[in-house]
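Analysis of the macromolecular model
So you can see what is in the structure, the chains are spelled out below.
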Amino acid sequence: MTTIRYVDVPDYPAEHSPYSHAVAANGFVFVSAQIPVRPGGGSTEIAGTTMAEQTRQCLRNVETILKAAGSSLDRVVKVTVLLARPDLYREMNEAYAEFFPGAKPARAMARVGAALPGVLVAIEAIAAE
């Protein structure tokens, strides 16, 4: 039988909707799409105004959640990047590359359907535990 574990992330903003930041199952950690919330801030308090700043914050948030789950960015196998402004792809891609300097995980990108005020990007990930 599969064990499902809901990941608790101490000192991280609470979910702003009915979802879990991450769920671990079958040796993988599934991180919900993370917006660029500021650590120590509210659940929708956005950090950064540029695509690069927000991309870095999203990935720092993914990294924080993965650490709480017992994993890390170097164990990420799949990333989905949701862009509110696809025209800023190049800026996102440059900031994204800073977090994956070696082998790159599989990646998909899509335009985000729901607009959240001030949010330019959201990033979800799947990593090995």
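A few points on the structure. In this text, all values refer to a predicted model and were calculated from it rather than measured experimentally.

Scoring rules and cut-offs
Residues numbered from 1 in each chain as written. Predicted model: local features only at pLDDT ≥ 70, side-chain atom pairs only at ≥ 80, totals over all residues. Heavy atoms only, no water. Helix = DSSP H or I, 4+ residues; strand = E, 2+ residues; numbered from the N terminus. Rg over C-alpha atoms; globule rule 2.2 N^0.38 Å. Buried < 20%, exposed > 50% of the residue type's maximum accessible area, 1.4 Å probe, protein only. Contact = heavy atoms within 4.5 Å. Areas by Shrake-Rupley, 256 points an atom, 1.4 Å probe, with all protein chains shown as cover. Salt bridge = Lys/Arg side-chain N within 4 Å of Asp/Glu carboxyl O. Pairing = 2+ DSSP bridges. Axes fitted to C-alpha atoms, helices over the stretch in contact; angles between N-to-C directions.

A word on the overall build of the chain
Tallying secondary structure elements over the chain gives two helices and six strands in all. Since a compact globule built from 129 residues should have a radius of gyration of about 14 Å, the 14 Å found for the chain is in line with a globular shape. For the chain, the proportion of its 129 residues judged to be buried stands at 39%. Long-range contacts, defined as pairs at least 24 residues apart, comprise 70% of the intrachain contacts of the chain with a sequence gap of at least 6. Total accessible area on the chain is roughly 6800 Å²; 54% of this is exposed by carbon and sulfur atoms.

Let's talk about the pattern of salt bridges
Here the structure, examined in full by the defined rule, presents four salt bridges. Note that Glu45 is salt-bridged to Arg38, the shortest N-O span being 2.7 Å. Judged by relative accessible area, which is 34%, Glu45 ranks as partly exposed. Arg38 gets classed as partly exposed once you look at its relative accessible area, which sits at 34%. Across the pair Arg56 and Glu98 runs a salt bridge whose closest N-O atoms are separated by 2.8 Å. Linking Arg56 in helix H1 (residues 51–69) with Glu98 in the loop between helix H2 (89–97) and strand S5 (106–111), this pair joins segments that are 42 residues apart in sequence.

So, the sheet that holds S5
Hydrogen bonds between backbone atoms are what pair the strands of a sheet, whose relative direction is either parallel or antiparallel. With respect to topology, six strands assemble into an open sheet ordered S1-S2-S3-S6-S4-S5, the strand pairing being mixed. Edge positions in the open sheet fall to strand S1 (4–6) and S5, since each of these has one partner strand only. Going across the sheet, the axis of each strand differs from the next one's by a mean of 15°, ignoring polarity. Relative to strand S6 (residues 121–128), strand S3 (residues 28–34) runs antiparallel, the two being bridged by five bridges. In the sheet register, Phe28 faces S6, and the bridge partner there is Ala128. Contacting S1, strand S2 (22–25), S3, strand S4 (76–83) and S6, H1 crosses the sheet at an angle of about 30° to S6. Strands S4, S5 and S6 of the sheet are contacted by H2, whose axis makes an angle of about 150° with S5.

What to know about the pairing of S2
Judged from the three bridges that link them, S1 and S2 form a sheet pairing that is antiparallel. Its bridge partner being in S2, Tyr6 is matched across the sheet by Val23. With four bridges connecting them, S2 and S3 associate as antiparallel partners. Bridge pairing links Ala22 to Val31 in S3. Taken together, S2 and the strand that follows it, S3, pair antiparallel across an intervening segment of two residues, in which Asn26 is found at a positive phi of about 55°.

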